[in-house]
Amino acid sequence: MNLSTPMKVLLEFSLGFSSLLLVHHFYFMIKIVKRRRHQKIIHYWIRILKIKLGWIKDFDELVVDYVSLFASHVFTFDSFHSSSKLLNTFTKHKSIVWSIDFVKFDDRQLICSGSSDKTVRIRDIDKNKQIQSLKEHSSDVLCVKFSPHHYNNHRQYVICSSSSDKTIRFWDFKHNQQLQILKKHTSYVYGIEFSSFNGGRYLFSGSNDKTIRLWDVETYKSLHIFNGHEDA
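On a predicted model such as this, the values are computed, not experimentally measured, just so you know.

Observations regarding the pairing of strand β11 (residues 212-216)
Of all five residues that make up β11, four are buried, and the element is covered over most of its length. Here strand β10 (residues 202-207) runs beside β11; their pairing, made up of five bridges, is antiparallel. Bridging across to β11, Tyr202 finds its partner in Asp216. What sits between β10 and β11 in their antiparallel hairpin is a turn of four residues, with Lys210 showing a positive phi close to 75 degrees. Direction of pairing for β11 relative to strand β12 (residues 221-226): antiparallel, over a ladder of five bridges. Across the sheet, residue Trp215 finds its bridge partner in β12, namely Ser222. Here β11 folds back onto β12, and the loop between the two strands holds four residues, one of which, Tyr220, carries a positive phi near 65 degrees.

Some remarks on the side chain of Lys145
Its location among the elements puts Lys145 in strand β5 (residues 141-146). Judged by relative accessible area, Lys145 falls into the buried class, the value being 17%. Setting aside residues up to four positions removed in sequence, Lys145 forms contacts with Asp101, Cys112, Val158, Ile159, Cys160, Ile192, Glu193 and Phe194.

Topic: the nonpolar core
By size, the foremost hydrophobic cluster in this structure holds 15 residues, and its most contacted members are Phe105, Leu110, Val120, Ile122, Phe146, Ile159 and Phe173. When residues of this core are traced back to their parent elements, those giving at least two are β1 (97-105), β2 (108-115), β3 (120-124) and β5. Considering every element that reaches this core, the biggest residue donor is β5, with three residues. In contact with Val120, not counting residues within four places along its chain, are Ser113, Gln132, Ser133, Leu134, His137, Val141, Val144, Ile159, Ser161 and Trp171. One finds Ile168, Phe194, Trp215 and Val217 within the second-largest nonpolar core, a separate group that totals 13 residues.

Focus: the packing of aromatic side chains
Geometry of an aromatic ring pair is reported as the spacing of the ring centres plus the angle between the planes. One pass over the structure, following the stated rule, counts nine aromatic pairs. Where Phe105 meets Tyr151, the ring centres are 4.2 Å apart and the plane angle is 10 degrees; that geometry is what we call stacked. Taken together, the residues span a long stretch of sequence, with Phe105 in strand β1 and Tyr151 in helix α3 (residues 148-154) at a distance of 46 residues. For the pair shown, Phe105 and Tyr151 are each scored as buried. For the ring pair Phe197 and Tyr202, a centre distance of 6.0 Å and an interplane angle of 40 degrees mean the geometry is tilted. An aromatic cluster is defined as three or more aromatic residues linked by ring pairs; in this entry it consists of Phe105, Phe146, Tyr151, Tyr157 and Phe173.

Concerning the confidence of the model for the chain
For the chain, mean pLDDT is 79; residues scoring 70 or higher make up 64% of the total. Every residue in residues 53-58 scores below 50 in pLDDT, and together they form eleven contacts with partners more than four places removed in sequence or on other chains. Low pLDDT, under 50, characterises residues 67-77; the stretch is placed with 19 contacts to residues that sit more than four places away or in other chains.

Topic: the sheet that holds β5
Within the open sheet, the four strands sit side by side as β5-β6-β7-β8. Their pairing is antiparallel. The two strands at the open ends of the sheet, each matched to only one other strand, are β5 and β8 (177-182). The mean angle between the axes of side-by-side strands here comes to 20 degrees, regardless of whether they run parallel or antiparallel. Here strand β7 (residues 168-172) runs beside β8; their pairing, made up of five bridges, is antiparallel.

Reading the values: the criteria
- Residues numbered from 1 in each chain as written.
- Predicted model: local features only at pLDDT ≥ 70, side-chain atom pairs only at ≥ 80, totals over all residues.
- Heavy atoms only, no water.
- Buried < 20%, exposed > 50% of the residue type's maximum accessible area, 1.4 Å probe, protein only.
- Helix = DSSP H or I, 4+ residues; strand = E, 2+ residues; numbered from the N terminus.
- Pairing = 2+ DSSP bridges.
- Contact = heavy atoms within 4.5 Å.
- Core = buried A, V, L, I, M, F, W, Y, C linked by side-chain atoms within 4.5 Å.
- Phe/Tyr/Trp six-rings, centres within 6.5 Å; stacked < 30°, edge-to-face > 60°.
- pLDDT = per-residue confidence, 0-100.
- Axes fitted to C-alpha atoms, helices over the stretch in contact; angles between N-to-C directions.

This is how it looks when you write it as structure tokens:
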């Protein structure tokens, strides 16, 4: 069938518009499905890169426009503002601060920090007061984490710390008591992380000995060694 030029144009437009609608619908469905993942990715970017909106007005608009493509009405920027100000400065450490962690135990807001001065320090944010300084590590404290497992199961205030002295230590900082020392790694222990499942019962540690170890926090036993990395 021979079609006139206007008919051809109309037919092509209709087909193109239908395709556009399908693509738009497909994109919309993907956006709904992936919205949570995008939100997590954006939070990760901001946490890792310590992004604060407000540096440059054009940059703000660029970031907001870009993020809104993926997370419209999900992610808000209210907390990132050019009027943000320094609230407090903690100055007790005498050398590099490698790691910090925050927790809320019994309505108390606490920060712990690990430093090259070989100490782990705990501060009560609301009272603006250092409540403990832990000094058993013999080298840099590279990572510190509050233990959700000890608090939720035993109502203990416990911090876990890892160090370049090759150890991982558990501290009951309310009673200034060292609970356990884990010594299986053969080099610096750069990072530790409690599991997001089972109430934080499991601990993962990454080391300069090229391994990741899995620990049971309840028994302090090493459950598994992950090998394969070729460096720290």
